[in-house]
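Each chain, letter by letter, is given below.
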Amino acid sequence: MKVTIVGAGNVGATCADVISYRGIASEVVLLDIKEGFAEGKALDIMQCATDTGFNTRVIGVTNDYSKTANSDVVVVTSGIPRKPGMTREELIGINAGIVKLVVENILKYSPDTIIVMVSNPMDTMTYLALKSTGLPKNRIIGMGGILDSSRFRTYLSLALDKPANDVSGMVIGGHGDTTMIPLTRLASYNGIPVSQFLSEEVLQKVAADTMVGGATLTGLLGTSAWYAPGASVAFLVDSILNDQKRMIACSVYVEGEYGQNDICIGVPCIIGKNGVEEIFDIQLNDQEKALFAKSADAVRAMNDALKTILA
């Protein structure tokens, strides 16, 4: 199985590294516009093989899309990362042109691929990729909900002082600091609602910390995070290539689900070899429904801004 990652920066290279050492794909192509950059990252990853025991072939190329031919999955991380104080929304004008060109080039050589969108603002870039290509909606997936859910589970585990892998939790809605919705009501520790261990005040703090999780790291690092985003992408790619049918929160195109239409937004999905195989309908309470509607309005406003820019 072959995976292409467009953009060999921190997130793209981390994704390639995780896919390789976990043996998720047999071949990974890293592509970047900077001369020699992807080649150097690929060679560095390959030199880990004897120490970590993987056999994945990793190659790097400079803007040569022919080397990406027949990719089963293509991950798009292209675009500038967030800088301190910058919102994902402010990236629209810069990253839209980059993403559109990348997707067009990818489909020339891999017309049947499944596209995983990472570039921010992620919900809007997923929508752009879908609308500009006309691909079936199951084949374009935004990865933000996986990362947000991972951060949610991490903050819950810290509050519980228990292992993160024993904690279940999901974040739906837009992939933005004010649009994501950590579902504290449904979170659990080994099947037991976390509300039996944590007060409402603590749960609200966990939710708040989750929502600014990306901005917190940007402030600390001076740029966007990369370890957790790269691992989140690899997790999604694994579910696709190995037909795992995992339920994962992803940004996908909705047509009536959760009361919304004509946007890409984070909802629980079954992810397998066909990409998005099902959108799962969680029974939200009235408060959660209101938050989701508000989130959808914000995502739709960004899409409208995108349409204005591209007009």
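Residues numbered from 1 in each chain as written. Predicted model: local features only at pLDDT ≥ 70, side-chain atom pairs only at ≥ 80, totals over all residues. Heavy atoms only, no water.

(A) Geometry of the pattern of salt bridges. Taken as a whole, this structure holds 11 salt bridges when the rule is applied. Of the charged contacts in the structure, one is a salt bridge between Asp262 and Lys131, with a shortest N-O distance of 3.1 Å. Taken together, the residues Asp262 in strand β13 (residues 261-272) and Lys131 in helix α5 (residues 122-133) connect sequence positions 131 residues apart. A salt bridge links Arg300 to Asp297, with the shortest nitrogen-to-oxygen separation between them at 3.5 Å. Of this pair, Arg300 and Asp297 both sit in helix α10 (residues 286-310), three residues apart, which is roughly one turn of that helix. What makes Asp297 partly exposed here is its relative accessible area of 49%. Taken together, the shared-partner salt bridges in this structure form one network comprising Asp243, Lys245 and Glu277. (Salt bridge = Lys/Arg side-chain N within 4 Å of Asp/Glu carboxyl O. Helix = DSSP H or I, 4+ residues; strand = E, 2+ residues; numbered from the N terminus. Buried < 20%, exposed > 50% of the residue type's maximum accessible area, 1.4 Å probe, protein only.)

(B) Geometry of the domain arrangement of the protein. Taken as a whole, the protein is organised into domain 1 (2-143) and domain 2 (144-306). Placing a centre on the C-alpha atoms of domain 1 and another on those of domain 2 gives a separation of 21 Å. Between domain 1 and domain 2, the residue contacts involve 40 residues of the former and 52 residues of the latter. Surface buried jointly by domain 1 and domain 2 totals about 3700 Å² across both partners, of which 65% is contributed by carbon and sulfur atoms. Taken together, domain 1 and domain 2 are joined by three salt bridges. On inspection of domain 1 and its partner domain 2, the count reaches 13 residue pairs in polar contact (both at pLDDT 80 or more). For the side of domain 1 that touches domain 2, the element with the most residues is α5, which contributes eight residues. Along the lines of polarity and charge, the residues of the side of domain 1 that touches domain 2 split into 24 nonpolar, seven polar and nine charged. (Domains from an automatic or database assignment. Contact = heavy atoms within 4.5 Å. Buried area = accessible area lost by both parts, 1.4 Å probe. Polar contact = N/O pair within 3.5 Å; in protein donor to acceptor, adjacent residues only side chain to side chain. Nonpolar A, V, L, I, M, F, W, Y, C, P; charged D, E, K, R; others polar.)

(C) Structural context of the pairing of strand β14 (residues 275-279). Two strands pair when backbone bridges link them, and β13 and β14 are joined in this way by four bridges, in the antiparallel orientation. Bridge assignment links Ile270 to a residue of β14, and that residue is Glu278. Connecting β13 to the next strand, β14, in antiparallel fashion are two residues. (Pairing = 2+ DSSP bridges.)

(D) Summary view of helix α8 (residues 213-221). By the burial criterion, the buried members of α8 are Gly213, Gly214 and Thr218. Down the axis of α8, the buried set is contained in an arc of 135°. They therefore lie on one face. More than 90 degrees from the buried face of α8, the exposed residues found are Gly219 and Leu220. Looking at the buried positions of α8, the neighbouring elements they touch are α6 (144-160) and α7 (200-211). Following α8 by one or two positions, Gly222 has its phi on the positive side, about 85°. (Arc of directions from axis to C-beta.)

(E) The UniProt feature "domain: Lactate/malate dehydrogenase C-terminal" (unreviewed entry) in the protein, seen in detail. The UniProt feature table records "domain: Lactate/malate dehydrogenase C-terminal" (unreviewed entry) at residues 147-301. For residues 147-301, helix accounts for 43% and strand for 25%, while the C-alpha atoms at its two ends are 23 Å apart. (UniProt positions renumbered as here; feature names shortened; annotations may be inferred.)

(F) Expanded view of the UniProt feature "binding site: substrate" (unreviewed entry) in the protein. Per the UniProt entry, the sites bearing "binding site: substrate" (unreviewed entry) are Arg82, Arg88, Asn120 and Arg151 in this numbering. As for its placement among the helices and strands, Arg151 is situated in helix α6. The class for Arg151 is buried, based on a relative accessible area of 10%.

(G) Representation of the nonpolar core in the model. Counting 55 residues, the largest nonpolar core has Ile19 and Leu236 as its most contacted members. Taken together, domain 1 (2-143) and domain 2 (144-306) each give at least three residues to this core, which thus spans both. Listed in part, the 28 residues of the second largest apolar core include Val6, Ile59, Val103 and Met302. (Core = buried A, V, L, I, M, F, W, Y, C linked by side-chain atoms within 4.5 Å.)

(H) Spatial organisation of the packing of aromatic side chains. Counted under the stated rule, the structure contains three aromatic pairs. An angle of 80° between the planes, with centres 5.6 Å apart, marks the rings of Tyr189 and Phe197 as edge-to-face. For Tyr189, a relative accessible area of 15% translates into the label buried. We classify Phe197 as partly exposed; its relative accessible area is 42%. Relative to Phe292, the ring of Tyr258 has its centre 5.3 Å away and its plane inclined at 35°; by these criteria the two rings are tilted. Residue Tyr258 is found in the loop between β12 (246-255) and β13, and its partner Phe292 is found in helix α10; the two are separated by 34 residues along the sequence. (Phe/Tyr/Trp six-rings, centres within 6.5 Å; stacked < 30°, edge-to-face > 60°.)

(I) The pairing of strand β5 (residues 114-117), seen in detail. Alternating residues of β5 divide into Ile114 and Val116 and Ile115 and Met117, and every residue in both groups is buried. Direction of pairing for strand β4 (residues 73-76) relative to β5: parallel, over a ladder of four bridges. Each residue of the ladder has a partner; that of Val74, found in β5, is Ile115. Where β5 and strand β6 (residues 140-142) come together, three bridges link them in parallel fashion. Within β6, the position partnered with Val116 by the bridge is Ile141.

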